[in-house]
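Examining the three-dimensional arrangement
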Amino acid sequence: MRKPLLAANWKMNQTVSESLDWLADFNREIAGVLNNKDVDAVFCPPFTALYPLHQVIASQKMDICLGAQDLFWQEAGAFTGEISPGMLAECGVSYVICGHSERRTLLQESSEMISKKCGAAVAAGLVPILCVGETLSIREGGLTQEWLEAQLYESLDFWDGKSEIVVAYEPIWAIGTGQAATAADAEAACAIIRDNLREKGAGFADQVRILYGGSVTPENAAELMSGANVDGALVGGASLKAAAFAGICRAVFAENSQG
Ligand code: PGA
């Protein structure tokens with residue numbers, strides 16, 4: 001049984017003080033629910049908010065994990081503007097998003113770079129959340145499976161088939177559009193991803209958590225996660241409001257405790 005994982009991707013939003021306010025609001029909303037340890041909640045704020053959030057989470061012993069939105073694959077050196085895996089670990093980070101479509105598209109990150117980032121994360125004891133997903137034209141052209149397989153083949157070069165990783169299926173046409181995939185489409189894509197993971201990590205693929213991302217809301221979260229291969233969600237827009245992300249956690253928690 002895989003434990004559901006809900007990750008909030010704040011993207012380039014929330015100052016340090018806004019992040020701290022958000023955490024206090026979220027903690028009030030969700031008190032007593034996440035303590036149950038049945039759902040993992042991960043927050044991925046901008047780099048600047050990681051350490052202050054970590055201090056609050058640690059001092060109040062909150063059942064919340066921190067994630068970063070990116071990292072660089074070198075540990076130190078002349079890489080202006082980059083952040084190393086060790087720097088993230090020191091800030092209390094345990095997950096890191098790698099290869100989000102916004103970085104693949106706007107910053108031309110290749111699958112080869114993303115694989116190196118994931119590998120560096122694993123080496124530092126962080127869990128990479130590897131993002132893959134197709135454009136609308138690829139979907140409409142009937143090429144979703146081939147696209148996902150190619151992205152996985154290249155981006156999973158780092159994987160030894162047994163270290164802990166998370167994969168997020170994020171169809172680009174569903175990100176920030178208000179038009180989520182159907183639960184059936186999310187399940188079909190996540191099943192393709194799991195089949196591909198089996199090729200590299202035969203005994204381990206069933207333990208890898210596969211998330212769906214793209215216009216997830218408190219209203220559609222439980223339905224989107226109803227497929228056997230969908231183990232959680234990567235949430236952008238709806239995670240900016242503490243009440244909405246808490247609503248997603250509650251919806252999934254309720255579903256999970258019934259099942
Ligand atoms: P969204 O973003 O929830 O706003 O669609 C998801 C993501 O980009 O991870």
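Summarised in this report is the structure supplied together with it. (Residues numbered from 1 in each chain as written. Predicted model: local features only at pLDDT ≥ 70, side-chain atom pairs only at ≥ 80, totals over all residues. Heavy atoms only, no water.)

Some details on the pairing of strand β2 (residues 40-44)
Burial within β2 is extensive, with five of its five residues counted as buried. Alignment of strand β1 (residues 5-9) against β2, held across five bridges, turns out to be parallel. Each bridged residue has a counterpart across the sheet, and for Asn-9 the counterpart in β2 is Cys-44. Bridge count between β2 and strand β3 (residues 65-68): two bridges; the pairing is parallel. Note on β3: the bridge partner recorded for Phe-43 is Leu-66. Once the chain exits β2 it traverses helix α2 (residues 47-59) before rejoining the sheet at β3, and the crossover so formed is right-handed. (Buried < 20%, exposed > 50% of the residue type's maximum accessible area, 1.4 Å probe, protein only. Helix = DSSP H or I, 4+ residues; strand = E, 2+ residues; numbered from the N terminus. Pairing = 2+ DSSP bridges. Right-handed = clockwise from strand over helix to strand, strands pointing away.)

Some thoughts on the nonpolar core
By size, the foremost hydrophobic cluster in this structure holds 65 residues, and its most contacted members are Leu-6, Phe-26, Phe-43, Leu-197, Tyr-212 and Phe-245. Broken down by element, the residue count for this core peaks at seven residues, all from helix α10 (residues 242-258). If we skip the residues at most four places from it in the chain, Phe-245 touches Leu-6, Ala-7, Ala-8, Trp-22, Phe-26, Phe-43, Val-235, Ala-238 and Ser-239. Among the nonpolar cores identified, the runner-up in size contains 13 residues, and Leu-5, Tyr-95, Val-166 and Leu-234 belong to it. (Core = buried A, V, L, I, M, F, W, Y, C linked by side-chain atoms within 4.5 Å. Contact = heavy atoms within 4.5 Å.)

A closer look at the sheet that holds β3
Sheet strands pair by backbone hydrogen bonding; their relative direction is either parallel or antiparallel. In spatial order, the strands read β1-β2-β3-β4-β5-β6-β7-β8; together these eight strands close into a barrel with parallel pairing. Within this sheet the neighbouring strands show an average axis-to-axis angle of 25°, counted without direction. Most of the contacts of helix α7 (residues 144-155) go to strand β5 (residues 127-132), to which it runs at about 150°, and overall it touches β5 and β6 (166-169). Together, β5, β6 and β7 (209-213) form the strand contacts of helix α8 (residues 183-200), whose direction differs from that of β6 by roughly 145°. (Axes fitted to C-alpha atoms, helices over the stretch in contact; angles between N-to-C directions.)

Description of the packing of helix α1 (residues 16-30) against α2
When two helices pack together, you describe them by how their axes are tilted relative to each other and by the distance separating the axes. Direction vectors running N to C along α1 and α2 enclose 35°, while the axes themselves pass 9 Å from each other. Crossing of α1 over α2 shows right-handed handedness. Seen from α1, the contacting residues are Val-16, Ser-19, Leu-20 and Leu-23; seen from α2, they are Thr-48, Ala-49, Pro-52, Leu-53, Val-56 and Ile-57. Taken together, the residues that form the contact of α1 with α2 break down as eight nonpolar, two polar and no charged. (Left-handed = near helix turned anticlockwise from the far one by under 90°. Nonpolar A, V, L, I, M, F, W, Y, C, P; charged D, E, K, R; others polar.)

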